[in-house]
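Geometric and topological summary
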Amino acid sequence: MDKVFFKQGGSWIEGSKVYKKANDVWVEESDYSSVFNSNSHYTHMIYTATDLVCDGTNYFDTGFAPFSADNLNKDFKITIYVSNLTAVSGGNNQDVILGCKYEGTLGGKQYPGIYFRRHNGDLSRFQIGGATYWTPTIASVLDHTLYIWRQSGNWYAQIENETVQTLSINTTTFDQNIVIGAGIQTNGTPFRYSNCTVDFIKIEYI
Amino acid sequence: MAISKIRLNGVTQIDLTQDTVTASHLHTGYTATGADGLPVVGEAETGGIVIVDTIDAAGGTIRSVTAANSLSVTSKTITTNGTYDSTDEGYDGYSEIVVNVEVSEMNYYTGSSAPSSSLGSNGDIYIQTGGS
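This text gives an overview of the structure that appears in the document. Note that the coordinates shown come from a computational prediction; the quantities given were computed from them, not determined experimentally.

For the rest of this paragraph, the subject is the interface of chain A and chain B. With 29 residues of chain A at the interface, the matching set in chain B holds 30 residues. Overall, the association of chain A and chain B removes approximately 2400 Å² of surface from exposure, summing both partners, and the carbon and sulfur fraction of that is 54%. Broken down residue by residue, the surface that chain A buries against chain B is led by A:Lys21, A:Trp26 and A:Asn39, which jointly contribute 27%. The interface formed by chain A and chain B includes 0 salt bridges. Remark: the boundary between chain A and chain B carries 21 residue pairs in polar contact (both at pLDDT 80 or more).

Written out as C-alpha cells, the structure reads:
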C-alpha cells in the first residue's frame, strides 16, 4: 500500500487518503504514483478565489483560522490583488479588506490578530495587534500584488518587489477565520464592511 | 561534364574525390570544388543562434542554442531540472545552452475529513489526515 506524507510546520504528516478532483468531483485514489506528476510544482493551498466583489454589505470567509491552536505555529502566505477600493458610505474609513482580529483584549494582548484595511483618507493599514502597523498609501496598494506572510513567528508584508516590511508578532490563540470584506466582532457580527474587488487571493502554507 | 580526378602517364596529378567540403561546411561567400568535381558555394554562417525544439523523454525542451563557432547541433538529453552532461559529444563550441522546462502549477489541500465539493479545481489533489 502506498503512503503519502507532506511536511508542515517542520514535521512530516502522513495522509490517510488521497483525492484528486476531476469533472468537478473529488475521487479517492489508491494508486498514488499516478496521482502526482513529476513535472508539476505543487503548492500546499489553503484558500484561493478570484473576482470577489465586496459591496459594503457582504464578506467572504476563507475558513482558515491562523491563530487557532492547530495553526498558530504554521507558516503561511497571503497573496492578494485588490482594485476598486472606495470608502463605504457612512463608514468610519476603517473598512476592512482582509482581517482576522479579536476585537478586544485576550491573553493580555490588545486586539490580537491582523487587519488589512483603509486608514482614513489616502492611506491603508496593515496592522498586527493594536499598535504595530505599516501604513502604505492606498494608491500604492491598489492594483498591485500584495504579499502578507507569517514565518517563524514574525509577520511580513510586501507590495510586489518593493521593500519587505517586518512587523513583530502580537497575538494569542483564538478561533477566528480570515475574512475578506469585513471585520468580525467578538460576538460574531460583521462590521467595517468594505467596497472593493479582490481580483485574486490565495492563502498557502510555506 | 564535371572532372574530379586527372591522371597523366599513370600518375595522378589532381584528385578531388576524397574531398569532403560541402555547401553547409563552407563559409558563406566562399567557393570550392567538391568531390564530384562540381562547384560548391558556401552557405555556412558563424555566430548565429540556432533554434532547436526537441522534446526529450524527460520533458525538457531546448529552446535555443547560441553557437560561437559551430552550427553542428544534435539532439541531447536534458533532464527535467534543466541540467545536461557537458562531457557528452556535440556540445563543443556552444557558448550558451538555454533550457526552458515546462512545469505546471498544481495545488494540493489537506484536511482531517473528506474534501467539500466546492473546494479546489479539477486536477487539484487533497490529502486527508486521519479519519476513515
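As a further point, take the sheet that holds strand S9 (residues 125–128) of chain B. Spatially, 10 strands are ordered S4(A)-S3(A)-S9(B)-S8(B)-S5(A)-S20(A)-S7(A)-S14(A)-S15(A)-S16(A) in an open sheet, and the strand pairing comes out mixed. Edge positions in the sheet fall to strand S4 (25–29) and strand S16 (165–167) of chain A, since each has one partner strand and no second. Averaged over neighbouring strand pairs, the angle between their axes works out to 30 degrees when direction is ignored. Inspection of the sheet shows strand S7 (residues 76–86) of chain A paired to strand S14 (residues 145–151) of chain A by 6 bridges, in the antiparallel sense. Following the sheet pairing, A:Phe76 is matched in S14(A) by A:Arg150.

It is worth spelling out the packing of aromatic side chains at this point. Residues and elements named next belong to chain A. Taken as a whole, this structure holds 11 aromatic pairs over all chains when the rule is applied. Both rings, one in Phe67 and one in Trp155, keep their centres 6.0 Å apart while their planes meet at 40 degrees; by these two values the pair is tilted. Highlighted residues: Phe67 in the loop between strand S6 (60–61) and S7 and Trp155 in strand S15 (residues 154–159), separated in sequence by 88 residues. By the burial criterion, Phe67 is buried, and Trp155 matches it. Among the aromatic residues, those joined into a ring-pair cluster are Phe64, Phe67, Phe76, Tyr102, Phe126, Trp155, Phe174 and Tyr205. Directly above the aromatic system of Tyr115 lies the positively charged group of Lys101, at a separation of 5.4 Å from the ring centroid. Sitting above the plane of the Tyr133 ring, Arg125 keeps its charged end 3.4 Å from the centroid.

Another point: the side chain of A:Ser124. Residue and element names in this part refer to chain A. Along the chain, Ser124 turns up in strand S12 (residues 123–128). By relative accessible area, Ser124 is classed as buried at 1%. In contact with Ser124, not counting residues within four places along its chain, are Phe116, Arg117, Arg118, His119, Trp134, Thr135, Pro136, Thr137, Ile138 and Val141.

A few words now on empty space enclosed by the protein. Residue and element names in this part refer to chain A. Within the structure shown, the criterion is met by 2 cavities of 30 Å³ or more. Taken together, Gly99, Cys100, Lys101, Tyr115, Gln176, Gly183 and Ile184 make up the full set of residues lining the second largest cavity. When contributions to the lining of the second largest cavity are tallied by element, the ones reaching two or more residues are strand S8 (96–101) and strand S18 (183–184). Here the lining of the second largest cavity is built from residues that sort into 3 nonpolar, 3 polar and 1 charged.

Attention shifts here to the side chain of B:Gln128. The residue B:Gln128 is located in strand S9 in this model. Residue classification places B:Gln128 among the buried residues on the basis of a relative accessible area of 2%. Dropping the residues within four chain positions of it, B:Gln128 is found in contact with A:Gly15, A:Ser16, A:Lys17, A:Tyr19, B:Gly111, B:Ser112, B:Ser113 and B:Ala114.

For the rest of this paragraph, the subject is the sheet that holds S8(A). Paired through their backbone hydrogen bonds, the strands of a sheet run either parallel or antiparallel. Residues and elements named next belong to chain A. Strand order across the open sheet formed by 6 strands is S6-S17-S8-S11-S12-S13, with antiparallel pairing between neighbours. If you trace the sheet from one side to the other, it starts and ends with S6 and strand S13 (132–134), each paired once. As judged from the 6 bridges shared by strand S11 (residues 113–119) and S12, these two strands associate in the antiparallel manner. Bridge pairing links Arg117 to Arg125 in S12.

Thresholds applied
- Residues numbered from 1 in each chain as written.
- Chains lettered and ligands numbered in written order.
- Predicted model: local features only at pLDDT ≥ 70, side-chain atom pairs only at ≥ 80, totals over all residues.
- Heavy atoms only, no water.
- Contact = heavy atoms within 4.5 Å.
- Buried area = accessible area lost by both parts, 1.4 Å probe.
- Salt bridge = Lys/Arg side-chain N within 4 Å of Asp/Glu carboxyl O.
- Polar contact = N/O pair within 3.5 Å; in protein donor to acceptor, adjacent residues only side chain to side chain.
- Pairing = 2+ DSSP bridges.
- Helix = DSSP H or I, 4+ residues; strand = E, 2+ residues; numbered from the N terminus.
- Axes fitted to C-alpha atoms, helices over the stretch in contact; angles between N-to-C directions.
- Phe/Tyr/Trp six-rings, centres within 6.5 Å; stacked < 30°, edge-to-face > 60°.
- Buried < 20%, exposed > 50% of the residue type's maximum accessible area, 1.4 Å probe, protein only.
- Lys NZ or Arg CZ within 6 Å of the ring centre and 35° of its normal.
- 1 Å grid on protein atoms, 1.4 Å probe; cavity = no way out; pocket = protein on both sides within 12 Å on 5 of 7 lines; lining within 4 Å.
- Points joined across faces, edges and corners; volume = space filled by probe spheres on them.
- Nonpolar A, V, L, I, M, F, W, Y, C, P; charged D, E, K, R; others polar.

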